[in-house]
Amino acid sequence: MSNKKYDYVIIGAGLFGGVFAHFAVKQGKKCLVVEKRPQIGGNLYCEDIEDIHVHKYGAHIFHTSNKKVWHFVNSLAEFNRYTNSPVANYHGEIYNMPFNMNTFSKMWGIATPDEAKKIIEDQKKQITEEPKNLEEQAISLVGTDIYEKLVKGYTEKQWGRDCKDLPAFIIRRLPVRYTYDNNYFNDLYQGIPIGGYNVLINKLFEGCDIRTNVDYNKQRETIDALGEKVLYTGTLDSLYDYCYGKLEYRSLKFETEVLDQENYQGVAVMNFTDRETPYTRIIEHKHFEFGTQEKTVITKEYPQTWAPGMEPYYPMNDEKNQSLFEKYKALADQDKKRIFGGRLAEYKYYDMDKVIESAFELVKKELEGATELNEEV
């Protein structure tokens with residue numbers, strides 16, 4: 001008989017850990033959640049400012065075509081009908097996103113899909129060989145005008161490098177729609193939890209013991225001793241003390257301010273696509289929930305070069321980093337103490353629904369025997 005206090009110790013209180021914790025608790029398992037930040041929720045965490053749910057770690061819009069995932073999140077929180085329709089601001093010129101007939105009509109003064117197609121196809125002909133870099137790849141997909149105004153500056157800010165110095169594979173496709181449709185996502189379902197993401201997060205971790213402001217990597221042995229199994233959702237290089245070197249990421253800096261006005265920009269997300277504006281976008285949080293508060297809260301988002309101690313947001317999935325990650329993954333595969341999952345542990349940029357799908361797979365594998373879980377997921 002084991003004298004360990006918990007069945008599972010879950011490292012990281014983000015979405016992956018939350019989904020697993022939810023099903024483990026449902027099956028009668030005792031779970032301890034250990035989180036480095038002062039609060040649970042990972043990047044989904046919302047802060048209440050002026051009665052507005054502020055997405056503290058960047059805009060999160062839930063979207064999926066997976067009916068099981070949609071049913072699951074709606075069983076925990078009611079979702080509104082928010083539709084993501086961001087706009088792009090290029091030196092004060094406003095364009096609809098994604099690239100669609102509204103974008104093309106504004107850019108070229110045309111009205112029909114045939115006119116738009118002709119312009120784009122003519123401009124794409126500039127690239128006659130296999131694209132050697134991101135600039136050539138983007139022009140081969142959408143032509144020069146859209147690239148120059150809506151892709152180039154934004155991408156260079158995002159990655160901190162000139163598009164000519166970025167690999168072509170970063171942009172495999174740029175969706176072009178020949179309809180007047182500003183709905184950014186093609187998925188069947190999308191929305192924001194009514195009351196903000198904390199409603200969803202609190203439900204996921206219900207029934208768990210939670211310790212925040214605790215860095216697992218500084219006291220691994222003590223924490224490992226508390227549970228039968230450890231689910232680790234953090235970065236693999238830090239777990240193994242950077243023995244092969246550090247994986248690279250892009251990070252973000254957020255500047256949030258309260259404005260004494262009702263409506264600042266008329267949309268939740270405005271992308272700034274010129275190179276000169278230092279931030280990539282401004283988020284006006286009240287529009288995610290159709291807010292009518294007297295004041296508004298905006299956040300400017302600045303991409304940054306990542307350094308240890310900063311939040312790792314976007315993995316640099318180039319060949320060098322990917323091969324380094326494979327070395328760490330080989331260590332994880334042999335790790336008898338821990339199981340792994342989530343975007344940091346997998347060094348992948350995941351949409352939220354894909355994180356949940358991945359957690360479902362671990363639930364099925366790890367918590368087998370719980371037939372109602374397998375039916376549910």
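Residues numbered from 1 in each chain as written. Predicted model: local features only at pLDDT ≥ 70, side-chain atom pairs only at ≥ 80, totals over all residues. Heavy atoms only, no water.

1. A few points about the pattern of salt bridges
If you walk through the whole model with that rule in mind, you get 23 salt bridges. Two residues, Glu311 and Arg37, come together in a salt bridge whose shortest N-O distance is 2.9 Å. On the criterion of sequence distance, the pair formed by Glu311 in the loop between β14 (296-305) and β15 (314-315) and Arg37 in the loop between β2 (31-34) and β3 (46-49) is long-range, its members being 274 residues apart. For Asp224, the salt bridge goes to Arg338, with nearest N and O atoms at 3.3 Å. Taken together, the positions of Asp224 in helix α8 (residues 220-224) and Arg338 in strand β16 (residues 338-340) put the pair 114 residues apart, joining distant regions of the chain. Neither residue differs from the other here; Asp224 and Arg338 are each classed as buried. (Salt bridge = Lys/Arg side-chain N within 4 Å of Asp/Glu carboxyl O. Helix = DSSP H or I, 4+ residues; strand = E, 2+ residues; numbered from the N terminus. Buried < 20%, exposed > 50% of the residue type's maximum accessible area, 1.4 Å probe, protein only.)

2. Details of the packing of aromatic side chains
Here the structure, examined in full by the defined rule, presents 23 aromatic pairs. Ring geometry for Phe62 against Phe79: centres 5.7 Å apart, planes inclined by 65 degrees, an arrangement best described as edge-to-face. Highlighted residues: Phe62 in strand β5 (residues 62-64) and Phe79 in the loop between α2 (67-76) and β6 (87-90), separated in sequence by 17 residues. Taken individually, Phe62 and Phe79 each receive the classification buried, so the pair is uniform in this respect. Plain terms: the ring middles of Tyr184 and Phe185 are 5.4 Å apart, the flat faces sit at 90 degrees to each other, and that makes the pair edge-to-face. Exposure remark for Phe185: the relative accessible area of 15% places this residue in the buried category. Directly above the aromatic system of Phe290 lies the positively charged group of Arg81, at a separation of 4.7 Å from the ring centroid. (Phe/Tyr/Trp six-rings, centres within 6.5 Å; stacked < 30°, edge-to-face > 60°. Lys NZ or Arg CZ within 6 Å of the ring centre and 35° of its normal.)

3. Overview of the layout of surface pockets
Estimates place the volume of the second largest pocket at around 440 Å³. The wall of the second largest pocket is formed by 19 residues, among which Lys329, Asp333, Phe340, Gly341 and Lys365 lie closest to the centre. Within the residue set of the lining of the second largest pocket, elements represented by two or more residues are α10 (319-333), β16, α11 (343-346) and α12 (352-366). When residues in the lining of the second largest pocket are grouped by element, the largest group, five residues, is from α12. Taken together, the residues of the lining of the second largest pocket break down into eight nonpolar, two polar and nine charged. (1 Å grid on protein atoms, 1.4 Å probe; cavity = no way out; pocket = protein on both sides within 12 Å on 5 of 7 lines; lining within 4 Å. Points joined across faces, edges and corners; volume = space filled by probe spheres on them. Nonpolar A, V, L, I, M, F, W, Y, C, P; charged D, E, K, R; others polar.)

4. Things to note about unusual backbone geometry
In this chain, Met97 is followed by Pro98 through a cis amide linkage whose omega measures -10 degrees. In this structure, Asp51 takes a positive phi of about 65 degrees despite not being glycine. For Asn213, which is not glycine, the phi torsion reads 55 degrees and is therefore positive.

5. Here's the deal with the packing of helix α4 (residues 113-124) against helix α5 (residues 134-142)
Between α4 and α5, the least distance of the axes is 7 Å, while the angle of their chain directions is 150 degrees. Across from Ile120, Gln123 and Lys124 in α4, the residues of α5 making contact are Ile139, Ser140, Leu141 and Val142. Per-class residue counts for the contact of α4 with α5 are four nonpolar, two polar and one charged. (Axes fitted to C-alpha atoms, helices over the stretch in contact; angles between N-to-C directions. Contact = heavy atoms within 4.5 Å.)

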